[in-house]
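# Residue-level structure breakdown
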Amino acid sequence: MDQLPRLVATDLDGTLVREDRTVSARTADALARCTAAGTQVVLVTGRPIRWLQRVYEHLHGTVPAICANGAVVYDPVDDVVLRADPLAPDLLAEVARRLRAEVPGVRLAVEITDGRQMRHEADWPLRWEAGDPDVRGIESPEELFSLPAVKLLARAGTQDPDVFVQVVAGAVAGLAEATHSSSSGLVEISAAGVTKAAGLAWFCARYGVRADQVVAFGDMPNDLPMLAWAGRAVAVANAHPTVLEVADAVTLSNEQDGVAAYLEELYGVAEPAA
């Protein structure tokens, strides 16, 4: 990529966002410079829509987001979903049936209403969602599959995520996509063909941006399709080994503002003084 990119696509957690769940002022400034230079910035994340405001509070203005690993394309300016690719209720039920047969003790949750709400089974461990009025347990098993879901989540206690995702992928093969972005064994399931790459490709086609005009940043296996699709793939130093293996370049870690450091070099901006 000899010229500046037309679009910068970046993952959030573990990539742009630091461990304290904030985005640094340096990173916010770097993204703002991209926008000022005419480069579109897009957040490409596994997060649902309801978790984006926490990031926007740290940025200089809002930017579009591709959420739920590519299932939702979101315009925050008008608070509208431009595209959604959910799992249909009957497909959800069949995927769950297969998972229960293959994984004893599996617990499930769904992201519904384009990721603005979550429903979960009993014993589902709540973390960021604790106290969120849009997150609640189901009252009957049928409720879990009563609406389309942009993402189905599966847990079975603490698992090696790289091993567990293969078990889940085998169980849902031919029906859905399975990936992961955590270290605790949470597996994220989307409709067949739905990946970060697919969501980003749709967004880019809408605005006439080619893959070779895109720089993408990521850290976890759910970023792999996007990194393979983009013209230039950049991993943060703390990335999963599979991401480091496919990246065209490796920048500093998320804690060291790796995305900002790479963009500063790309746009010819001096590194801030320590």
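The text that follows walks through the structure, step by step, so that each part is easy to find. In this text the structure is predicted, and so the values were computed from the model without any measurement. (Residues numbered from 1 in each chain as written. Predicted model: local features only at pLDDT ≥ 70, side-chain atom pairs only at ≥ 80, totals over all residues. Heavy atoms only, no water.)

For the rest of this paragraph, the subject is the sheet that holds strand β8 (residues 135-137). Read across the open sheet, the 6 strands follow the order β8-β7-β6-β9-β11-β10; overall the sheet is mixed. Each of the sheet's edge strands pairs with one partner strand only, and the pair in question is β8 and β10 (176-179). Looking at each pair of strands side by side, their axes are set apart by 25° on average, direction ignored. Sheet contacts for helix α3 (residues 89-102): β6 (107-112), β9 (149-155), β10 and β11 (187-191); angle to β9, the most-contacted strand, approximately 10°. Relative to the sheet, helix α4 (residues 161-172) contacts β9, β10 and β11, its axis offset from that of β10 by approximately 175°. (Pairing = 2+ DSSP bridges. Helix = DSSP H or I, 4+ residues; strand = E, 2+ residues; numbered from the N terminus. Axes fitted to C-alpha atoms, helices over the stretch in contact; angles between N-to-C directions. Contact = heavy atoms within 4.5 Å.)

Bringing the pattern of salt bridges into the picture now. Counted according to the given criterion, the structure contains 17 salt bridges. With its nearest N and O atoms 3.2 Å apart, the salt bridge here joins D79 to R116. A residue pair is termed long-range when its members are at least 10 positions apart, and D79 in the loop between β4 (72-75) and β5 (80-84) and R116 in the loop between β6 and β7 (117-120) qualify at 37 residues. On the accessibility criterion, R116 (28% relative accessible area) is partly exposed. R136 serves as the salt-bridge partner of E143, at 2.7 Å between the closest nitrogen and oxygen. (Salt bridge = Lys/Arg side-chain N within 4 Å of Asp/Glu carboxyl O. Buried < 20%, exposed > 50% of the residue type's maximum accessible area, 1.4 Å probe, protein only.)

This part is about the sheet that holds strand β13 (residues 232-236). Taken in spatial order, the 8 strands of this open sheet run β5-β4-β3-β2-β1-β12-β13-β14, and their pairing is mixed. Each edge of the open sheet carries a strand with a single partner, namely β5 and β14 (249-251). Taken pair by pair, the neighbouring strands of this sheet meet at an average axis angle of 25°, ignoring direction. The pairing of β4 with β5 spans 4 bridges and is antiparallel. Along β5, the bridge assignment pairs V73 with R83.

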